[in-house]
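# Inside the fold
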Amino acid sequence: MGMTATSGSLILSSSTLLSSSSSSMSSSSIFTNYPLICAFLAFAIAQSIKFFTTWYKERRWDIKQLLGSGGMHSSHFVTVAALATAIGFQEGFGRPLFATALILDCIVMYDATGVRLQAGWQADVLNQLVYELPAEHPLAESRPLRELLGHTPP
């Protein structure tokens, strides 16, 4: 009572499988990927808010705010939060893919609020030390470190 298959039926099954998978791949496009679109849209909105907030506070346009990192709010965090939320709505909040996105979200949030903030404070202290060096010191002319690396409390 064993199962036997002829080479013709295997070829037919394989070609059916290949044609169905290629048609499903062609119907899904990067432009219809809901989580990806949500993530990019959230990033664009977050960076635009930074751009206009800088103009409102300082009355100057700072084009670096459109793509640069640092400052409050974290566009990195907003991007992964939108990605995790969109994955949750599309795939289900009980699915392993959402759990993976949520863990990624938590890591980015921790990085933005902790590690990058502390690194910015260290850069501030180091810049002060270099500023106080005598002019003849080799490091006196070094370029200052970036101090705005993550969330900065208001």
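You'll find the structure just up there.
Below you will find a few notes about this structure. (Residues numbered from 1 in each chain as written. Predicted model: local features only at pLDDT ≥ 70, side-chain atom pairs only at ≥ 80, totals over all residues. Heavy atoms only, no water.)

### Focus: unusual backbone geometry
Although it is not a glycine, R59 adopts a positive phi angle of roughly 55 degrees. With respect to the element layout, R59 can be found in the loop between α2 (34–58) and α3 (75–91). By relative accessible area, R59 is classed as exposed at 54%. (Helix = DSSP H or I, 4+ residues; strand = E, 2+ residues; numbered from the N terminus. Buried < 20%, exposed > 50% of the residue type's maximum accessible area, 1.4 Å probe, protein only.)

### A look at the packing of aromatic side chains
With the rule as written, the count across this model stands at 6 aromatic pairs. When the centroid spacing of 5.8 Å and the interplanar angle of 85 degrees are considered together, the rings of F52 and W61 count as edge-to-face. We classify W61 as exposed; its relative accessible area is 51%. Aromatic ring contacts, followed pair by pair, group F51, F52, W55 and W61 into a single cluster. Stacked on the ring of W55, the Lys or Arg R59 has its end atom at 4.8 Å from the ring centre. (Phe/Tyr/Trp six-rings, centres within 6.5 Å; stacked < 30°, edge-to-face > 60°. Lys NZ or Arg CZ within 6 Å of the ring centre and 35° of its normal.)

Remember, this is a structural readout, not a statement about activity or role.
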